[in-house]
Amino acid sequence: MTVGNTHPYRDRFHALIFCSVYFQVKVLRCISPLKLEDVVLGQYIGDPEVEGDAKLGYLDDPSVPEGSITATYALAILKINNERWDGVPFILRCGKGWLKM
């Protein structure tokens, strides 16, 4: 049943969206600040035993300045300080030039 410009499920839908965002923000606020020992940065190197692009590392790229220390890989362990997630590490990693697992 539709009355005027309102739909019977619209208010429920907006309430669900609000609750979802509310709880996401609540969890994000419980994340501890990162410590240096919980972060790894790196730069990929080539594998001389393979053929193709995997043989070359980041510094082998002609467009990369010699001696560059730019990180091409990052890993961070997040800790969420609440009752539900206490003791569960959340491992985030991203990078360029590493094989899919």
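You'll find the structure just up there.
In this text the structure is predicted, and so the values were computed from the model without any measurement. (Residues numbered from 1 in each chain as written. Predicted model: local features only at pLDDT ≥ 70, side-chain atom pairs only at ≥ 80, totals over all residues. Heavy atoms only, no water.)

## Some points on the pairing of strand 2 (residues 73-79)
Bridge count for strand 1 (residues 39-42) against strand 2 is 4 bridges, and the pairing is antiparallel. Along strand 2, the bridge assignment pairs Gly-42 with Tyr-73. Pairing between strand 2 and strand 3 (residues 89-95): 7 bridges, direction antiparallel. Among the inter-strand pairings, Ile-77 is bridged to a residue of strand 3, identified as Ile-91. (Pairing = 2+ DSSP bridges. Helix = DSSP H or I, 4+ residues; strand = E, 2+ residues; numbered from the N terminus.)

## Focus on a nonpolar patch on the surface
Residues Phe-13, Ile-17, Val-21 and Val-25 make up a contiguous nonpolar surface patch of about 340 Å² in total accessible area. Here Ile-17 falls in the partly exposed class, since its relative accessible area comes to 43%. (Patch = residues over 30% accessible without salt bridge, like charges linked within 9 Å, V, L, I, M, F, W, Y side chains within 5 Å. Areas by Shrake-Rupley, 256 points an atom, 1.4 Å probe, with all protein chains shown as cover. Salt bridge = Lys/Arg side-chain N within 4 Å of Asp/Glu carboxyl O. Buried < 20%, exposed > 50% of the residue type's maximum accessible area, 1.4 Å probe, protein only.)

## Notes on the pattern of salt bridges
Following the criterion strictly, the structure yields 1 salt bridge and no others. In this structure, Asp-38 and Lys-79 form a salt bridge, with 3.5 Å as the shortest nitrogen-oxygen distance. Of this pair, Asp-38 sits in the loop between helix 1 (10-28) and strand 1 while Lys-79 sits in strand 2, placing them 41 residues apart in sequence.

## A look at the side chain of Ser-68
Mapped onto the secondary structure, Ser-68 falls in the loop between strand 1 and strand 2. Of the residues examined, Ser-68 reaches a relative accessible area of 13% and is grouped as buried. Those residues in contact with Ser-68 that sit more than four places away from it in its chain are Gln-43, Tyr-58 and Leu-59. (Contact = heavy atoms within 4.5 Å.)

## As for the sheet that holds strand 2
With antiparallel pairing, the 3 strands of this open sheet are ordered in space as 1-2-3. Every other strand in the sheet has two partners, leaving strand 1 and strand 3 as the edge strands with one partner each. Looking at each pair of strands side by side, their axes are set apart by 10° on average, direction ignored. (Axes fitted to C-alpha atoms, helices over the stretch in contact; angles between N-to-C directions.)

## Looking at the packing of aromatic side chains
On inspection of all chains with the given rule, the structure shows 3 aromatic pairs. Aromatic side chains Tyr-22 and Phe-23 sit 5.0 Å apart centroid to centroid with 75° between the ring planes, which places their arrangement in the edge-to-face category. Overall, the relative accessible area of 46% leaves Phe-23 in the partly exposed class. Both rings, one in Trp-85 and one in Phe-90, keep their centres 5.2 Å apart while their planes meet at 70°; by these two values the pair is edge-to-face. Taking relative accessible area as the criterion, Phe-90 reaches 29% and is therefore assigned partly exposed. (Phe/Tyr/Trp six-rings, centres within 6.5 Å; stacked < 30°, edge-to-face > 60°.)

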